[in-house]
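Summary of structural features
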Amino acid sequence: MTVVTPASEAQREAWRSGGFPEVERVRPGLWSIPVPLPAIPLRYVLVYALELPDGVAIVDAGWNTDEAYGALAAGLGTAGYEMTDVKAVLVTHIHPDHYGLAGRIREVSGAWIGLHPADSRLLHDRYDDDAVDDLVAQERALLVRSGVPRATLDELAGASMMIRHYVTMAKPDRLIEDGDRLGLPGWDLQAIWTPGHSPGHLCFVERERRLLFSGDHVLAKITPIVAVHPQSAPNPLADYLDALAAVRKFDVDEVLPAHEYRFLELAERVDHVMAHHEERLAEIEAAVAAAGGITCWDTATALTWSRPWETIPSFMRRAANNETLAHLVWLEARDRLRRVPGEPDLWYPA
Ligand SMILES: [Zn+2]
Ligand SMILES: [Zn+2]
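Some details on helix α9 (residues 236-248)
- With 13 residues, α9 ought to run about 18 Å at 1.5 Å a step, and its terminal C-alpha atoms sit 18 Å apart, in line with that.
- Looking at the buried side of α9, the elements it contacts are β8 (189-193), β9 (202-206), β10 (211-215), α10 (266-291) and α12 (314-333).

What to know about the coordination of the zinc ion (ligand 2)
- Distances from the zinc ion (ligand 2) to its protein donors, Asp 97 (OD), His 98 (NE2), Asp 216 (OD) and His 259 (NE2), fall within 2.1 to 2.3 Å.
- The site at the zinc ion (ligand 2) holds 4 donor atoms, and with the angles between them running 87 to 152°, its shape is irregular.
- Linear spacing of the donor residues for the zinc ion (ligand 2) on their chain is D-H-x117-D-x42-H.
- A separation of 3.5 Å is found between the zinc ion (ligand 2) and the zinc ion (ligand 1), both of which receive a donor from Asp 216. Of this pair, Asp 97 sits in helix α3 (residues 96-99) while His 259 sits in the loop between β11 (254-257) and α10, placing them 162 residues apart in sequence.

Structural notes on a negative patch on the surface
- Taken together, the side chains of Asp 125, Asp 130, Asp 133 and Asp 134 present a region of like negative charge at the surface.
- Note on placement: Asp 130 falls in the loop between α6 (123-127) and α7 (132-146).

Here's the deal with the packing of aromatic side chains
- Summed over the entire model, instances satisfying the criterion amount to 5 aromatic pairs.
- Ring centres 5.4 Å apart and planes at 80° place the aromatic pair Trp 297 and Trp 309 in the edge-to-face group. In this pair, Trp 297 sits in helix α11 (residues 296-302) while Trp 309 sits in the loop between α11 and α12, placing the two residues 12 residues apart along the sequence. Accessibility classification places Trp 297 together with Trp 309 in one group, the buried group.
- Put simply, the rings of Trp 15, Phe 20 and Tyr 44 pair up and form one aromatic cluster.

Brief notes about the nonpolar core
- In terms of nonpolar packing, the biggest core is built from 71 residues, with Leu 30, Leu 184, Phe 204, Phe 213 and Trp 347 touching the most fellow members.
- Counting residues per element, this core draws most heavily on α12, at 7 residues.
- Those residues in contact with Phe 204, other than ones at most four positions away along the chain, are Val 59, Leu 90, Thr 92, Leu 182, Leu 189, Gln 190, Ala 191, Leu 211, Leu 212 and Phe 213.
- In this structure, Val 47, Ile 105, Leu 115 and Leu 123 belong to the second largest nonpolar core, which totals 35 residues.

What about the sheet that holds β8?
- The strand order across the open sheet built from 4 strands is β8-β9-β10-β11, with neighbouring strands paired in mixed fashion. At either end of the open sheet lies a strand with only one pairing partner, and these are β8 and β11. With strand direction ignored, the average angle separating the axes of adjacent strands in the sheet is 25°.
- Pairing between β9 and β10: 3 bridges, direction antiparallel. Within β10, the residue paired with Phe 204 across the bridge is Phe 213.

Concerning the pattern of salt bridges
- Taken as a whole, this structure holds 19 salt bridges when the rule is applied.
- Close ionic contact of Arg 12 with Glu 9 constitutes a salt bridge, the shortest N to O distance being 3.3 Å. Within this pair, Arg 12 and its partner Glu 9 are both found in helix α1 (residues 9-16), separated by 3 residues, close to a single helical turn.
- Note on Arg 12: relative accessible area 15%, which makes it buried.
- For Glu 9, a relative accessible area of 47% gives the class partly exposed.
- Two residues, Glu 332 and Arg 339, come together in a salt bridge whose shortest N-O distance is 2.9 Å.

Basis of the calculations
Residues numbered from 1 in each chain as written. Chains lettered and ligands numbered in written order. Predicted model: local features only at pLDDT ≥ 70, side-chain atom pairs only at ≥ 80, totals over all residues. Heavy atoms only, no water. Helix = DSSP H or I, 4+ residues; strand = E, 2+ residues; numbered from the N terminus. Expected span 1.5 Å × (residues − 1). Contact = heavy atoms within 4.5 Å. Donors = N, O, S within 2.8 Å, 3.2 Å for Na, K, Ca; no water. Tetrahedral: all angles 85-135°; square planar, octahedral: opposite > 155°, others 65-115°. Patch = residues over 30% accessible without salt bridge, like charges linked within 9 Å, V, L, I, M, F, W, Y side chains within 5 Å. Areas by Shrake-Rupley, 256 points an atom, 1.4 Å probe, with all protein chains shown as cover. Salt bridge = Lys/Arg side-chain N within 4 Å of Asp/Glu carboxyl O. Lys, Arg positive; Asp, Glu negative; His and termini not counted. Charge placed at Lys NZ, Arg CZ, Asp CG, Glu CD. Phe/Tyr/Trp six-rings, centres within 6.5 Å; stacked < 30°, edge-to-face > 60°. Buried < 20%, exposed > 50% of the residue type's maximum accessible area, 1.4 Å probe, protein only. Core = buried A, V, L, I, M, F, W, Y, C linked by side-chain atoms within 4.5 Å. Pairing = 2+ DSSP bridges. Axes fitted to C-alpha atoms, helices over the stretch in contact; angles between N-to-C directions.

Below, the structure written as structure tokens:
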């Protein structure tokens with residue numbers, strides 16, 4: 001259900017019809033450039049270009065594919081710039097659709113890359129070739145404790161490895177902390193640390209123009225994945241709900257997310273997402289109460305998803321498991337459930 005008003009009907013229509021939106025001028029000096037994503041339902045990431053006296057800064061970058069690079073270059077062209085004019089790449093978080101192309105842009109333009117330290121710390125383990133076997137082993141251990149059936153374990157543990165090809169490993173030039181002013185000429189941009197979807201997720205608020213660049217933290221229709229995984233915080237859902245409250249208070253006219261379309265009502269959307277998680281928590285608590293001694297995996301399969309469980313591809317079933325685990329962990333921290341550790345962990349009412 002949509003509770004928010006699209007800021008651009010054309011962009012919303014492109015999202016809804018399965019199309020690809022146009023490059024749009026959001027405000028004088030501010031552009032929305034859709035960059036295509038290969039083979040995933042999100043279809044595109046919205047990169048924002050902010051005009052500077054001597055070039056542009058961009059919020060997020062896209063995946064590292066030639067097609068994405070070409071679309072970003074063409075979009076910058078519509079705005080009157082070239083890739084070599086990019087002075088800064090503000091990355092909301094390290095997921096490949098936001099960070100993947102940042103290194104390649106820096107190579108051609110000399111731009112600085114900014115990232116929160118909590119995401120910067122994860123780069124080596126996530127994207128360096130010599131570390132990746134470790135990450136898969138940790139994911140596998142987590143899935144064993146979740147009670148994933150042996151037959152599907154290997155498939156699920158390595159499920160997101162193909163995505164790594166869409167990233168150039170690039171260390172940030174600048175670490176951006178909560179509350180930092182970016183100091184971009186002509187822009188009153190402040191970073192807000194919003195962990196949950198990723199440990200170092202950042203939003204950027206522009207108070208003078210009354211805008212929030214929300215990355216994946218708050219989107220018009222979909223809710224971002226908030227999951228326990230080897231690189232997550234211990235209780236990512238608690239972080240996420242706190243970070244929703246942190247952005248809710250901003251009095252802005254428009255939210256500029258990284259996917260779908262721009263929209264107007266921030267507080268209403270935040271309330272709706274919070275209510276969604278409340279419902280999910282209640283559903284999971286009830287599933288555990290009904291079973292008494294259930295694994296995370298069996299809890300996940302008992303929940304309602306947007307399509308039948310058997311038709312969900314393996315990397316999304318892993319996300320569903322890890323997302324269920326985030327809710328179980330949140331309930332455990334609130335003493336609403338208890339866990340008996342083992343292989344697998346079993347969950348009981350408190
Ligand atoms: Zn993301
Ligand atoms: Zn994303």
